[in-house]
Number of protein chains: 2
Amino acid sequence: MELDDLIGGCGEWLRGTGPESDVVISSRIRLARNLTDMTFPPRADERTKEDAANLLREKILELSPVAFMGYVEVQGLSKLDRQFLMERQLISRELADAKGARGVFIGTSESISLMVNEEDHLRLQGLRSGFDLMNCWQEVNHVDDELQTGISFAFSDDFGYLTSCPTNVGTGIRVSVMLHLPALVLTKEIQKVFQAMHKMSIAVRGMYGEGSQALGDFYQISNQTTLGKTEEQIVQRVQHVIPEILGYERDARQELLRKHRARLHDQVSRAQGILGSARQISTEEAMQHLSHVRLGINLELLDNIDLGTVNELVMLIQPAHLQKLRHESLDKPERDAARSALLRDKLRLN
Amino acid sequence: MELDDLIGGCGEWLRGTGPESDVVISSRIRLARNLTDMTFPPRADERTKEDAANLLREKILELSPVAFMGYVEVQGLSKLDRQFLMERQLISRELADAKGARGVFIGTSESISLMVNEEDHLRLQGLRSGFDLMNCWQEVNHVDDELQTGISFAFSDDFGYLTSCPTNVGTGIRVSVMLHLPALVLTKEIQKVFQAMHKMSIAVRGMYGEGSQALGDFYQISNQTTLGKTEEQIVQRVQHVIPEILGYERDARQELLRKHRARLHDQVSRAQGILGSARQISTEEAMQHLSHVRLGINLELLDNIDLGTVNELVMLIQPAHLQKLRHESLDKPERDAARSALLRDKLRLN
């Protein structure tokens, strides 16, 4: 497949129409699996990694557990293309930065991706728009079952699925939900919420997972433990915690409307004005304004722009996407100019 | 006359088409005169002030040295109306804040105003668009001559015209030019220019004269001495200094274009975007953005807005003008909202 096939759209999971889409951007579940009788990727030599990749690739094509757009050999990609896949949430930073034979199967509509030779031999990811963990889990579980009809995964009766990192041992599951929490940030209540999450063994991360910074008030909430519970229990646990955070965010939004409506209206309207007029803008600044515009739309303070456009822009303004759109490599000042041109075009104000 | 007659327009002097209007907003000349045999206003009792005002009013109507829209009795005006006249540069802060009988004759097109019982019995002011001191002086001198055919002004052979404040004694003339110096502010060269002016006995003040702050990079440049030279010499001196400042400002603009074109384009475009989208905005912030938009128009970085609109807005966004436009008294948050609505309307972007 050609990566350029992806650039036109932006993944089903970003369409902005899933359940609770005023706060929940997307739901994601990934399983970590490793082949039996093969050294796990972090300790494997080049040859073993190649063997594992070839085996998995062959088996997955044979089993064909879902419809795929194709397989992308990540080791053959430029840095730009690897970043592009990462921005699209199709591969992790680890897979982008790893060495040796590795790749990714991309499902149609980008709702399933199978990473080969990331930290584990196989990382199976399901991605859905809005708060939709149950459907996401059903699909991921189905794909996992299908794969297990033809592939033998490393499993211990004592520990469950074996993984490269002990934090993933057991179910190998990570359940995460990307939330948009602008009101909790504006009211400065976000740290309190995060502390409460932490006590419940729920992790909070930035937009691109582990070690990444929050951009534009977007946060990933996920389970921290994978051992001693079934997959369903872990999915249920995250499923159960999210409505609480949604409640906090919605309360904060209503409080802002009640107490500071004029100021909030000013802030979201200016955000739109700046995005529609700037001539150079960084990813960070653009994300922050897009976050405020998104809040403005959800609170019906802005009515001349739709959520789908904003969600699409959150994707398209990222550095690699911008360069893929332009079909050229751009340095930072060129990207800042190209980003502002794209924003002016989509939010045409002048 | 009714003050509401003024609100529709904005004074010939702000039309933005005078000479050197890329940098010079307006040229202003005022003469200070006092009646013989009457105590000067700062030491006069109520009765004397009334007598002086009545005498001057009668004589001026009789002599009719120019066409007037009418005479406004300032002592009968609300604080809002006094501020309105001050914002229009038709009266000084001193006349607005003074006590007792006082007023102002306003010439048609607002290019001449005669203040009665300000610090001196009579302050005669001429105001013109752009850099136009010579025409302004001719008109002011003509009006002064006409007045002297019927009014006897206090004059000493040793000192010249006598005034309440010794700094005005002699010719009683102040020649001032309102300049727009955004590039000197952006390049941080403005203080150097002001220091050079100071050495040449040229004063630099804010938009509303003595003691006022600079707003939106607008500065008033004027002579400091009025004694020992003829009126023509003083006018010539200011006439001579201004082109030097214009040169500095224009050089700074070209340097910005040459070295930081992209950043400057971004800044002026964002200024327009913010003015067209904000939902509440203070006078200070609006003036600053209008200043940058004005710079953008003059450097042909913005082409969907004209200088006349910006000049008009500089006038109309001021607190008293806003309230006169709305025909109601507004508190600060209401003014900030009304100001943003006016700006959005005139710069319609969304």
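Just so you know, the residues in each chain are numbered from 1, in the order the chain's sequence is written. Whichever chain is written first becomes A and whichever ligand is written first becomes 1, with later ones labelled in order. In keeping with the model being predicted, local features are shown solely for residues with a pLDDT of at least 70 and side-chain atom pairs are shown and tallied solely at 80 or more, while totals for entire chains, interfaces and linings include all residues. Excluding hydrogens and water, the side-chain values take into account all heavy atoms of the structure.

Observations concerning the overall build of chain A
A tally of helices and strands in chain A yields 12 helices and 10 strands. In this description the radius of gyration comes from C-alpha coordinates, and the expected globular size is given by 2.2 Å times residues to the power 0.38. Over its C-alpha atoms chain A spans a radius of gyration of 21 Å, differing by no more than 12% from the 20 Å that the globule rule assigns to 350 residues. Viewed in the frame of its principal axes, chain A has a C-alpha envelope of about 65 × 45 × 30 Å. Taking all 350 residues of chain A together, the buried fraction comes to 59%. Sequence-distant contacts in chain A: of pairs separated by 6 or more residues, those separated by 24 or more amount to 72%. In the structure as shown, chain A presents an accessible area of about 14500 Å², 46% of it carried by carbon and sulfur atoms. Counting from the N terminus, the helices are the DSSP runs of H or I reaching at least four residues and the strands are the DSSP runs of E reaching at least two. Burial here depends on accessible area, computed with a 1.4 Å probe over protein chains only, as a share of the maximum for the residue type. Under 20% is buried, over 50% is exposed, and the range in between is partly exposed. Contacts are assigned to residue pairs with any non-hydrogen atoms lying within 4.5 Å of each other. Shrake-Rupley sampling with a 1.4 Å probe provides the accessible areas, and residues are treated as covered by the protein chains on show and by no other component.

Overview of the sheet that holds strand β10 (residues 218–223) of chain A
Residue and element names in this part refer to chain A. Taken in spatial order, the 8 strands make up an open sheet running β2-β3-β4-β5-β1-β8-β10-β9, and their pairing is antiparallel. Every other strand in the sheet has two partners, leaving β2 (68–73) and β9 (202–205) as the edge strands with one partner each. Between one strand axis and the next, the sheet turns by 20° as a mean value, whatever way the strands run. For two strands to be treated as a pair, DSSP must find at least two bridges joining them. Note that strand β8 (residues 173–180) and β10 share 5 bridges and pair antiparallel. Paired with V177 across the bridge in β10 is I221. A fitted line through C-alpha atoms serves as each axis, taken over the contacting stretch for helices, and the angle formed by two N-to-C directions is quoted from 0 to 180°. Against the sheet, helix α8 (residues 231–275) touches β1 (24–33), β8, β9 and β10, its axis set at about 10° to β8.

What about the interface of chain B and chain A?
At the interface, 18 residues of chain B touch 18 residues of chain A. What counts as a salt bridge is simple: a side-chain nitrogen of Lys or Arg found within 4 Å of a carboxyl oxygen of Asp or Glu. If you look at where chain B meets chain A, you find 2 salt bridges. Here E285 of chain B and R270 of chain A are joined by a salt bridge, their closest N and O atoms 2.7 Å apart. The term polar contact refers here to a pair of N or O atoms within 3.5 Å; inside protein, the definition further demands a hydrogen-donor-capable atom paired with an acceptor-capable atom, and it admits residues adjacent in sequence only when both atoms are side-chain atoms. Counting across the interface, chain B meets chain A through 12 residue pairs in polar contact (both at pLDDT 80 or more).

Observations concerning the relation of the copies chain B and chain A
Overlay of chain B on chain A (RMSD 0.0 Å): rotation 180°, translation along the axis 0.0 Å. In short, the pair behaves as if placed about a two-fold rotation axis. We superpose the copies by least squares over the C-alpha atoms of residues that have a pLDDT of at least 70 in both of them.

A look at the sheet that holds strand β4 (residues 112–116) of chain B
Residues and elements named next belong to chain B. Overall, antiparallel pairing links the 8 strands, which are arranged β2-β3-β4-β5-β1-β8-β10-β9 in an open sheet. Taken across any chain shown, the strands that pair with only one partner, and hence form the sheet edges, are β2 (68–73) and β9 (202–205). Strand-to-strand twist of the sheet, defined as the mean angle between neighbouring strand axes without regard to direction, takes the value 20°. Relative to β4, strand β3 (residues 103–107) runs antiparallel, the two being bridged by 4 bridges.

What about the packing of aromatic side chains?
Working definition: rings of Phe, Tyr and Trp (its six-membered ring) pair if their centres are within 6.5 Å, and the pair is stacked with planes under 30 degrees apart, edge-to-face with planes over 60 apart, and tilted otherwise. A complete count under the given rule lists 8 aromatic pairs over all chains for this structure. Ring centres 5.0 Å apart and planes at 40° place the aromatic pair F68 of chain A and F105 of chain A in the tilted group. One end of the pair, F68 of chain A, is in strand β2; the other, F105 of chain A, is in strand β3 (residues 103–107), with 37 residues separating them in the sequence. The same class applies to F68 of chain A as to F105 of chain A, namely buried. An aromatic cluster of at least three residues, connected via ring pairs, comprises F68, Y71 and F105 of chain A. Remark: a charge is flagged as sitting over a ring if the NZ atom of Lys or the CZ atom of Arg is within 6 Å of the ring centre and within 35 degrees of the ring normal. The positively charged end of R33 of chain A is found above the aromatic ring belonging to Y161 of chain A, 3.6 Å away from the centroid. A cation over a ring is seen here: K324 of chain B above F84 of chain B, with NZ or CZ 5.5 Å from the ring centre.

Observations regarding the pattern of salt bridges
Applying the stated criterion across every chain, the model contains 38 salt bridges over all chains. Bridged by salt links that share partners, the residues E118, E119, D120 and R123 of chain A form one connected network.

Let's talk about the packing of helix α11 (residues 319–326) of chain A against helix α12 (residues 332–346) of chain A
Residues and elements named next belong to chain A. Two elements in contact, α11 and α12, have axes separated by 10 Å at closest approach and are oriented at 75°. Here α11 lies roughly perpendicular to α12, going by the angle between them. Of α12, the residues touching α11 (which contributes P319, L322, Q323, L325 and R326) are R335, A338, R339, A341 and L342. If an angle is under 35 degrees, it is roughly parallel; if it is over 145, roughly antiparallel; if it lies from 65 to 115, roughly perpendicular; otherwise it is oblique.

Details of helix α2 (residues 46–63) of chain A
Residues and elements named next belong to chain A. By this rule, a helix spans an expected 1.5 Å times one less than how many residues it contains. Its 18 residues place the ends of α2 26 Å apart at the C-alpha level, agreeing with the 26 Å of an ideal helix rising 1.5 Å per residue. Turning to α2, its buried residues number three or more, namely T48, K49, A52, A53, L56, I60 and L63. Down the axis of α2, the buried side of the element spans an arc of 130°, and every buried residue falls inside it. Set apart from the buried face of α2 by more than 90 degrees, the exposed residues are R47, E58, L61 and E62. Where α2 is buried, its residues touch β2, β3, β4 (112–116), β5 (122–129) and α5 (133–148). Read the arc as the range of directions from the helix axis to the C-beta atoms.

A closer look at helix α8 (residues 231–275) of chain B
Helix length check: α8 of chain B, at 45 residues, gives a terminal C-alpha distance of 42 Å against a target of 66 Å (1.5 Å per residue), a shortfall beyond 12%. Along α8 of chain B, the largest kink reaches about 110° and is centred on H260 of chain B. One axis fitted to the seven residues ending at a residue, another fitted to the seven starting there: the angle between these axes is the bend at that residue.

Some words on the pairing of β3 of chain B
Regular strands place their side chains on alternate faces of the sheet. All names here are of chain B. For β3, a buried count of 5 out of 5 residues is recorded, marking the element as mostly surrounded by other parts of the structure. On β3, burial covers both faces: G103, F105 and G107 on one face and V104 and I106 on the other are all buried. Pairing of β2 with β3 involves 5 bridges; the strand directions are antiparallel. When the sheet's bridge partners are listed, V72 is paired in β3 with V104. Connecting the antiparallel pair β3 and β4 is a turn made up of 4 residues, with S109 showing a positive phi of about 60°.

Digging into the pairing of β4 of chain A
Residue and element names in this part refer to chain A. Most of β4 sits inside the fold, with 5 of its 5 residues counted as buried. Burial along β4 is two-sided: I112, L114 and V116 facing one way and S113 and M115 facing the other are all buried. For β4 and β5, the ladder comprises 5 bridges, and the chain directions are antiparallel. Among the inter-strand pairings, I112 is bridged to a residue of β5, identified as G126. Linking two consecutive strands that pair antiparallel, namely β4 and β5, is a turn of 5 residues; a positive phi of about 60° is found at N117 within it.

Re the environment of R88 of chain B
Residues and elements named next belong to chain B. Mapped onto the elements, R88 comes out in the loop between α3 (79–87) and α4 (93–97). For R88, a relative accessible area of 0% gives the class buried. Taking the C-alpha atoms as reference points, R88 and N135, separated by 47 residues in sequence, lie 20 Å from one another. Separated by 2.8 Å, the side chains of R88 and H321 make a polar contact.

Some remarks on unusual backbone geometry
At S64 of chain A, a position not held by glycine, the phi torsion is positive, near 45°. Relative to the helices and strands, S64 of chain A resides in the loop between α2 and β2. The class for S64 of chain A is partly exposed, based on a relative accessible area of 43%. Here the phi dihedral of S109 of chain B falls at roughly 60°; this positive angle occurs in a residue that is not glycine. Structurally, the position occupied by S109 of chain B is in the loop between β3 and β4. Overall, the relative accessible area of 39% leaves S109 of chain B in the partly exposed class.

Some details on the environment of R270 of chain B
Relative to the helices and strands, R270 of chain B resides in helix α8. Discounting residues that sit within four places of it in the chain, R270 of chain B has contacts with I274, S277, A278, Q280, I281 and E285 of chain A. At a separation of 2.7 Å, a polar atom in the side chain of R270 of chain B contacts the side chain of E285 of chain A.

Note that all results are geometric; they support no functional claim without further evidence.
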